[in-house]
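# Structural characterization, general
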Amino acid sequence: MGVTVTTPVYEGPFDLLLDLILREEVELYEVSLLTIVDAYLEELENMQEYDLELATEFLLIAAILVELKTRRLLPSGNKVDPDDEYGLWEERDLLLAKLVECKTFKEAASQLRMLSQQASLSWPRRAGLEDAFLSLTPDLLEGVTKEHLREACLKAMAPRPSIHVDIEHIAPIKATVVEAVKELLEEVPKTGMVSFKQLTKGLTDRIEIVVRFLAVLELYKLGVLEIDQIDSFGEISVSWCSDAELSDMDLLDIYEG
Amino acid sequence: MFGCGTFRHGLIRYLRGLGIKVSEEKSELQKVADVDVETDIRRAIEAILMVAIDPVSPGILAQLFELPVDEMERICDSMVDRYEEAELGFLLVRIGGGYRFQSNPEQAQWVERFVLEGQSRRLTAAAMETLAIVAYKQPISRAQVSAIRGVDVEGVMRNLQQRGLIDEVSRDVGPGNAVLYGTTQEFLERMGINSATDLPPLGEFVPSSEVVEALERSLRVVSDEVTIPSNEEG
Amino acid sequence: MFGCGTFRHGLIRYLRGLGIKVSEEKSELQKVADVDVETDIRRAIEAILMVAIDPVSPGILAQLFELPVDEMERICDSMVDRYEEAELGFLLVRIGGGYRFQSNPEQAQWVERFVLEGQSRRLTAAAMETLAIVAYKQPISRAQVSAIRGVDVEGVMRNLQQRGLIDEVSRDVGPGNAVLYGTTQEFLERMGINSATDLPPLGEFVPSSEVVEALERSLRVVSDEVTIPSNEEG
């Protein structure tokens, strides 16, 4: 896909989305996270100093993309819950509004920069009063104490607060792959051959379905589960591998390690 | 002040401004006197601006000369024009809510070589965008800025505040009483404008319909397509 | 510098000043051009003098414009006359070995009123922070204070110095020999202490990395091309 990533892109999380969409004309959902991560890591290596702010903002971008992609990736079939679909549209509109707002202020910022560049071509007169008038000036130290000085010094020298990323606007992901693995390890040996659809029957949240799917893949990789899919886009059947040797605890250790 | 010299004419002018008839007929001499009054005020303003460290507001000048503020603004604005026309190495400008003398931007290359210490450090793109949000949406809370930027802005806002570009201006009346931020006089001076209302309207920066459509297209939800999830890209 | 625009004419003028014939005959156009050169230099000088904090010596100007000092003095002296004739609220004067703009003594009463009525009586937050840094970290250079505060502090420090609260105390031994500032005896007396070490301790306070860096860094030498010594940092 050849997404070239430059550092200024990461100044704000919506910037990347904007940039990707506008510059690459990609469908957001087709953006390969891997490509972005690679380009980003390369960019980090080239940076003179490691910039924590940029790094954390990148993580937020990645998180937003993951969320959007999971929504898109899920097999929805014909049984799309109308409420869910509506919610998705609503969320999309919200995102669109945010992107437009982000773009607006980006433009405004570049205008401000132009203004300040123009203004910086002039220096103000700051020579101040001539000596003859100095005796007239009011007593500036009136009411100033040693403590005031101390406070002012502390204020001037205080370290800037650490930067953390606000992820409140991302839906909290309650499901974890580790938990899903645990559940599958309890469930699958009992049921024998089971379809993925059945495995995710009680789940309402799309992200939970994704997590469960990842858990299935994980166990497949470890050789504990067998997966079969006869047709493309067809039913996925999952079964317990009879010659699985590892104990449950070992599996979890491997996964968590 | 009306006791001092030619400024007596200022009273006459002022009374006339209030619609009070002072003289039935304006003689030629009075017209000249009026010009003199203005010349005197002009000189006094020039002297004051020469020693002032910050822009001097028309309000302060009005108080000093005991003239209405709008009259003061009229005089000062005409001085601004006059200095511009004179094409000197400096200008009298209206900036940051007041008037000041500053070097003419045309002479920047020479002043730059003279003033060893450069202008204040350049703002990062993140800081500039945050500043733009505060400038256009003031008064605004940090949480509101955060929501627009999509990231926590505490560090950036603190930096802008340390540089004197933004400051706490009031508190939200709603629950929580969040601190609300606005831009400062320093900001106006940095931007070379007189007041925040002089900023170009935000509407000018709203992306074109083509851009909005492009954004919209890319966010379109295609629901009838079933794809196999892959764990490589997720 | 003779490569830059109309200042090429400066070279011709200079060579002529040395008695070197550049052109057999001075055309009308050349006369106009000469005037233009002077206008350009005049504007540049006006810009510099308008922003300079202290009087600027003809030597510094001569170096900047690469012209002989006496030629520079001739230009500046003609400017002094010109400003006097213009009867403005300010004058260009030769004082303390240099030239500077200052308020016209005729307007002294207005400047006095402005000082008494128009000026704030309290230290601004910026001035307070600057004073506190100098008090706690003395001796300290202006560049270091500037780096800690993240903004240019020239005007503020000048103001504090004028008010007798801080003063030059020594020079940095490192390259550049920057002027180092400290608080004055008067300041200590006003605070009711004998020395700066009597200020309340800052406590278990860890300064930011920017502050540490600023305090550790010696001023860098400005080595390239023509370095114009500023009147403050010599």
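Everything discussed here concerns the structure shown above.
Please read all numbers here as calculations on a predicted model, not as lab measurements. (Residues numbered from 1 in each chain as written. Chains lettered and ligands numbered in written order. Predicted model: local features only at pLDDT ≥ 70, side-chain atom pairs only at ≥ 80, totals over all residues. Heavy atoms only, no water.)

### Quick word on the overall build of chain A
Counting its secondary structure elements, chain A contains 9 helices and 3 strands. Counting across all 257 residues of chain A, residues that qualify as buried make up 46%. Counting contacts in chain A only where the partners sit at least 6 residues apart, residues at least 24 apart contribute 67% of the total. Here chain A displays about 13,900 Å² of accessible surface, and carbon together with sulfur accounts for 53% of that area. (Helix = DSSP H or I, 4+ residues; strand = E, 2+ residues; numbered from the N terminus. Buried < 20%, exposed > 50% of the residue type's maximum accessible area, 1.4 Å probe, protein only. Contact = heavy atoms within 4.5 Å. Areas by Shrake-Rupley, 256 points an atom, 1.4 Å probe, with all protein chains shown as cover.)

### Looking at the sheet that holds strand S5 (residues 179-183) of chain B
The strands making up a sheet associate through hydrogen bonds between their backbones, and the pairing can be parallel or antiparallel. All names here are of chain B. Reading across from one edge, S3-S5-S4 is the order of the 3 strands in this open sheet, with antiparallel pairing throughout. The sheet terminates laterally at strand S3 (140-141) and strand S4 (166-171), the two strands that pair on one side only. In this structure, S3 lies alongside S5, joined through 2 bridges in antiparallel fashion. Looking across to S5, one finds that Ser141 is bridged to Leu180. (Pairing = 2+ DSSP bridges.)

### Overview of the side chain of A:Ser116
Here A:Ser116 is to be found in helix H4 (residues 82-119). Ignoring anything within four residues of it in the chain, the contact list for A:Ser116 reads B:Met128, B:Arg190 and B:Met191.

### Topic: the nonpolar core
Residues B:Ile45, B:Phe65, C:Ile45 and C:Phe65 are the most contacted members of the largest nonpolar core, which totals 67 residues. A per-element tally of this core places helix H2 (residues 28-51) of chain B first, with 9 residues. Counting 38 residues, the second largest nonpolar core, distinct from the first, contains C:Met128, C:Ile140, C:Ile148 and C:Leu188. (Core = buried A, V, L, I, M, F, W, Y, C linked by side-chain atoms within 4.5 Å.)

### Thoughts on the packing of helix H5 (residues 146-157) of chain A against helix H6 (residues 125-137) of chain C
Axis separation between H5(A) and H6(C) bottoms out at 8 Å; the angle between their running directions is 95°. Taken together, H5(A) and H6(C) sit at an angle that is classed as roughly perpendicular. For the pair H5(A) and H6(C), contact is made by A:Lys146, A:His148, A:Leu149, A:Arg150, A:Ala152, A:Cys153, A:Lys155, A:Ala156 and A:Met157 and by C:Met128, C:Glu129, C:Leu131, C:Ala132, C:Ile133, C:Tyr136 and C:Lys137, respectively. For the contact of H5(A) with H6(C), the class distribution of residues is 10 nonpolar, 1 polar and 5 charged. (Axes fitted to C-alpha atoms, helices over the stretch in contact; angles between N-to-C directions. Parallel < 35°, antiparallel > 145°, perpendicular 65-115°, else oblique. Nonpolar A, V, L, I, M, F, W, Y, C, P; charged D, E, K, R; others polar.)

### Topic: the environment of A:Trp240
Residues and elements named next belong to chain A. Looking at where Trp240 falls in the secondary structure, it is placed in strand S3 (residues 236-240). Assessed through its relative accessible area of 27%, Trp240 is described here as partly exposed. The spacing of Trp240 and Pro189 is 51 residues in sequence and 5.6 Å in space, taken between C-alpha atoms. Contact partners of Trp240, with chain neighbours within four places excluded, come to Leu185, Val188, Pro189, Val224 and Leu225.

### Quick notes on the interface of chain B and chain C
Facing the 39 residues of chain B at the interface are 46 residues of chain C. Note on chain B versus chain C: buried area summed over both sides is about 3,900 Å², and carbon and sulfur give 66% of it. For the interface between chain B and chain C, the tally reads 3 salt bridges. For B:Arg43, the salt bridge goes to C:Glu87, with nearest N and O atoms at 3.8 Å. Summed over the shared surface of chain B and chain C, the result is 5 residue pairs in polar contact (both at pLDDT 80 or more). Secondary-structure elements contributing two or more residues to the side of chain B that touches chain C are H2, helix H3 (58-65), strand S2 (98-103) and helix H5 (108-114) of chain B. (Buried area = accessible area lost by both parts, 1.4 Å probe. Salt bridge = Lys/Arg side-chain N within 4 Å of Asp/Glu carboxyl O. Polar contact = N/O pair within 3.5 Å; in protein donor to acceptor, adjacent residues only side chain to side chain.)

### Examining the pattern of salt bridges
Tallying each qualifying case throughout the model produces 23 salt bridges over all chains. Across the salt bridge formed by B:Arg100 and B:Glu189, the nearest N and O atoms sit 2.9 Å from each other. Of the two residues, B:Arg100 sits in strand S2 while B:Glu189 sits in helix H9 (residues 185-191), which places them 89 residues apart along the sequence. Take B:Glu189: its relative accessible area is 10%, and that puts it in the buried class. Salt bridges sharing partners connect three or more residues here, namely A:Arg126, B:Arg100 and B:Glu189.

### Some details on unusual backbone geometry
Looking along the chain, the bond that leaves B:Gln138 and enters B:Pro139 is cis, with omega of -5°. Inspection of the secondary structure assignment puts B:Pro139 in the loop between helix H6 (125-137) and S3. Even without a glycine there, the phi angle at C:Glu66 is positive, about 50°. Relative to the elements of secondary structure, C:Glu66 occurs in the loop between helix H3 (58-65) and helix H4 (69-86). A relative accessible area of 30% means that C:Glu66 is categorised as partly exposed. Even without a glycine there, the phi angle at C:Glu87 is positive, about 50°. Relative to the helices and strands, C:Glu87 is located in the loop between H4 and strand S1 (90-95).

### Brief notes about the sheet that holds S3(A)
Residues and elements named next belong to chain A. The 3 strands lie next to each other as S1-S3-S2, forming an open sheet whose pairing is antiparallel. Of all the strands in the sheet, the pair left with one neighbour each is strand S1 (194-195) and strand S2 (225-229). Pairing between S2 and S3: 5 bridges, direction antiparallel. Note on S3: the bridge partner recorded for Gln229 is Ile236.

### Considerations on the packing of aromatic side chains
In this structure the tally under the stated criterion is 13 aromatic pairs over all chains. Relative to B:Phe101, the ring of B:Tyr83 lies with its centre 5.5 Å away and its plane at 75°, an arrangement referred to as edge-to-face. Of the two residues, B:Tyr83 sits in helix H4 (residues 69-85) while B:Phe101 sits in strand S2, which places them 18 residues apart along the sequence. Pair check on accessibility: B:Tyr83 and B:Phe101 agree, each one buried. Centroid distance B:Phe101 to C:Phe90: 5.5 Å. Interplanar angle 70°. Geometry classified as edge-to-face. (Phe/Tyr/Trp six-rings, centres within 6.5 Å; stacked < 30°, edge-to-face > 60°.)

### Looking at the pairing of S5(B)
Counted residue by residue, S5(B) has 5 buried out of 5 residues, so it is predominantly covered. With burial as the criterion, each face of S5(B) is covered, one bearing B:Val179, B:Tyr181 and B:Thr183 and the other bearing B:Leu180 and B:Gly182.

### A few points about the environment of B:Val179
Relative to the helices and strands, B:Val179 is located in strand S5. Non-local contacts of B:Val179, meaning those with residues more than four positions away in its chain, are made with B:Ile140, B:Ser141, B:Arg142, B:Glu168, B:Ser170 and B:Arg171.

### A few points about the packing of H6(C) against helix H7 (residues 142-149) of chain C
All names here are of chain C. In contact at an axis separation of 10 Å, H6 and H7 are set at 125° when each is read in the N-to-C sense. When the interaxial angle is binned, H6 and H7 end up oblique. The handedness of the crossing between H6 and H7 is right-handed. Here H6 contributes Ala126, Glu129, Thr130, Ile133 and Val134 to the contact with H7, which in turn contributes Val145, Ile148 and Arg149. (Left-handed = near helix turned anticlockwise from the far one by under 90°.)

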